[in-house]
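Each chain is listed here by its residues.
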Amino acid sequence: MSLSSSTEDSSSPAIITCKAAVAWGAGEPLVMEEVELSPPHPHEIRIKVFSSSLCRSDISAWESQAIFPRIFGHEASGIVESIGEGVTEFKEGDHVLTVFTGECRTCRQCRSGKSNVCQVLGLERRGVMHSDQRTRFSIKGKPVFHYCAVSSFSEYTVVHSGCAVKVSPNAPLEKICLLSCGVAAGLGAAWNVAGVSEGSTVVIFGLGTVGLSVAQGARLKGASRIIGVDTNPDKCEKAKAFGVTEFINPSDSSEPIQQVIKRITDGGADYSFECIGDTGMITTALQSCCDGWGLTVTLGVPKVKPEMSAHYGLLLTGRTLKGTLFGGWKPKSDLPSLVDMYMNKEIEVDGFITHDLPFEDINTAFSLMTEGKCLRCVIHMPR
């Protein structure tokens, strides 16, 4: 990292130059580039990224979205390097998690007590910052777009202060970065959204990090049967470690998977979770629930065909379909307690990390994820 000017007032953050993994086109390998990063604007903080884990949604956006050049990454931990005007919650040296959806604590949604979908700092889709709809990254004066207003595949990044969560300096940053998206989303889906009950039957479609986090959450709530569904047979043993009691590979059955589930559960599961990002599977998950009280929660982010369809009869007979963003957690209010649970060994995080890679090997992480050979690759930034 270098400052752009040695004449800057030492009390005022300067533009810095640092390395970032830049995506120049859909599905193209990331390129290590020297990028310029602006100082934090009012109510923003600049973070030295410590670790960033690769999430499936990074892959989906990289493969399909048209906003380039772009810096992906959102599931990250770091240390505050500088703060912008008006920031009182953070100071230089604070340890933080970044979050892809913020919490302003003043909008209608934040004040409702019913939602975590902030109206001010919600999911950003256009590749810019919330406050001024501009970028903080550039190369030779030309903008480089953000991802989810985080962009953690960079040595440094700038985020809104409402999109960062202060955590204990004793928590290992290279582990807890997973709590800023996937692991928290799965646990929250089981606990906050579905409210999985003791002795219940749960079926989970897709056994990636999010699906296995749902399994862990269901196990901790006392579910008696946790059925995991995935076409990758290699996930069977790993799934059992997180609480899955039965594994079904749809490729091994000539019978539609929803019929298999209904047959082995005496009419359907109490709860089903769609963790793939396939809108067709939402219907399958609904069909796998029981009449009367069956509840389906959809967590996946679809790459194609965002519209879904289902026969009205599935709802007429009492089933419920719910969606969730980040497992219903209010990030600034709730994430510190999840970090505490991890530190107290009440929840498992380390087991999701299948690969640790240096920043320069980030394309290897993308390959492992697209080939289905990892749960989470943690990218370690230069120290």
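Residues numbered from 1 in each chain as written. Predicted model: local features only at pLDDT ≥ 70, side-chain atom pairs only at ≥ 80, totals over all residues. Heavy atoms only, no water.

Comments concerning the overall build of the protein
Part 1 of the argument: Along the protein, the regular secondary structure elements total 11 helices and 18 strands.
Part 2 of the argument: On C-alpha atoms alone, the protein measures out to a radius of gyration of 21 Å, which is about the 21 Å that the 2.2 N^0.38 rule sets for 383 residues.
Part 3 of the argument: Across its three principal axes, the protein shows a C-alpha extent of roughly 75 × 40 × 40 Å.
Part 4 of the argument: Per-residue burial over the protein gives 55% buried out of 383 residues.
Part 5 of the argument: Considering only contacts in the protein between residues 6 or more positions apart, those separated by 24 or more positions represent 69%.
Part 6 of the argument: Taken as two groups, the 36 positive and 42 negative side-chain charges of the protein have centres that lie 4 Å from each other. (Helix = DSSP H or I, 4+ residues; strand = E, 2+ residues; numbered from the N terminus. Rg over C-alpha atoms; globule rule 2.2 N^0.38 Å. Buried < 20%, exposed > 50% of the residue type's maximum accessible area, 1.4 Å probe, protein only. Contact = heavy atoms within 4.5 Å. Lys, Arg positive; Asp, Glu negative; His and termini not counted. Charge placed at Lys NZ, Arg CZ, Asp CG, Glu CD.)

Comments concerning the side chain of S77
Part 1 of the argument: Note that S77 resides in strand β5 (residues 75-83).
Part 2 of the argument: Only 2.7 Å separates the side chain of S77 from the backbone oxygen of L173, close enough to count as a polar contact.
Part 3 of the argument: Setting aside its immediate chain neighbours within four residues, S77 contacts V49, F50, S51, V96, L97, L173, E174 and C177. (Polar contact = N/O pair within 3.5 Å; in protein donor to acceptor, adjacent residues only side chain to side chain.)

Considerations on the UniProt feature "domain: Alcohol dehydrogenase-like N-terminal" (unreviewed entry) in the protein
Part 1 of the argument: Cross-referencing UniProt, the feature "domain: Alcohol dehydrogenase-like N-terminal" (unreviewed entry) maps to residues 42-167 in the present numbering.
Part 2 of the argument: For residues 42-167, the end-to-end C-alpha separation is 22 Å, with 11% helix and 29% strand making up the annotated structure. (UniProt positions renumbered as here; feature names shortened; annotations may be inferred.)

Quick notes on the pattern of salt bridges
Pairing is possible between side chains that carry opposite charge, provided their charged atoms lie close to one another.
Part 1 of the argument: Enumeration over the complete set of coordinates arrives at 15 salt bridges.
Part 2 of the argument: Among the salt bridges present, the one from K166 reaches D94, with a minimum N-O distance of 3.6 Å. Residue K166 is found in strand β10 (residues 164-166), and its partner D94 is found in the loop between β5 and β6 (95-98); the two are separated by 72 residues along the sequence.
Part 3 of the argument: Judged by relative accessible area, K166 falls into the partly exposed class, the value being 37%.
Part 4 of the argument: Ionic contacts of the salt-bridge type, sharing partners, join the residues E44, D132 and R136 into one network. (Salt bridge = Lys/Arg side-chain N within 4 Å of Asp/Glu carboxyl O.)

So, the packing of aromatic side chains
Part 1 of the argument: All told, the structure shown has seven aromatic pairs when counted by the stated rule.
Part 2 of the argument: Seen in terms of ring centroids, F68 and F72 are 6.4 Å apart; in terms of plane orientation they differ by 65 degrees. Their pairing is edge-to-face.
Part 3 of the argument: The exposure class of F72 is buried, given its relative accessible area of 1%.
Part 4 of the argument: For the ring pair F153 and F366, a centre distance of 6.1 Å and an interplane angle of 70 degrees mean the geometry is edge-to-face. With F153 in the loop between β8 (142-144) and β9 (156-160) and F366 in helix α11 (residues 362-370), this residue pair connects regions lying 213 residues apart in the sequence. Accessibility classification places F153 together with F366 in one group, the buried group.
Part 5 of the argument: Among the aromatic residues, ring-to-ring pairing joins W62, F153 and F366 into one connected group.
Part 6 of the argument: Sitting above the plane of the W191 ring, K221 keeps its charged end 5.7 Å from the centroid.
Part 7 of the argument: Directly above the aromatic system of F50 lies the positively charged group of R383, at a separation of 3.6 Å from the ring centroid. (Phe/Tyr/Trp six-rings, centres within 6.5 Å; stacked < 30°, edge-to-face > 60°. Lys NZ or Arg CZ within 6 Å of the ring centre and 35° of its normal.)

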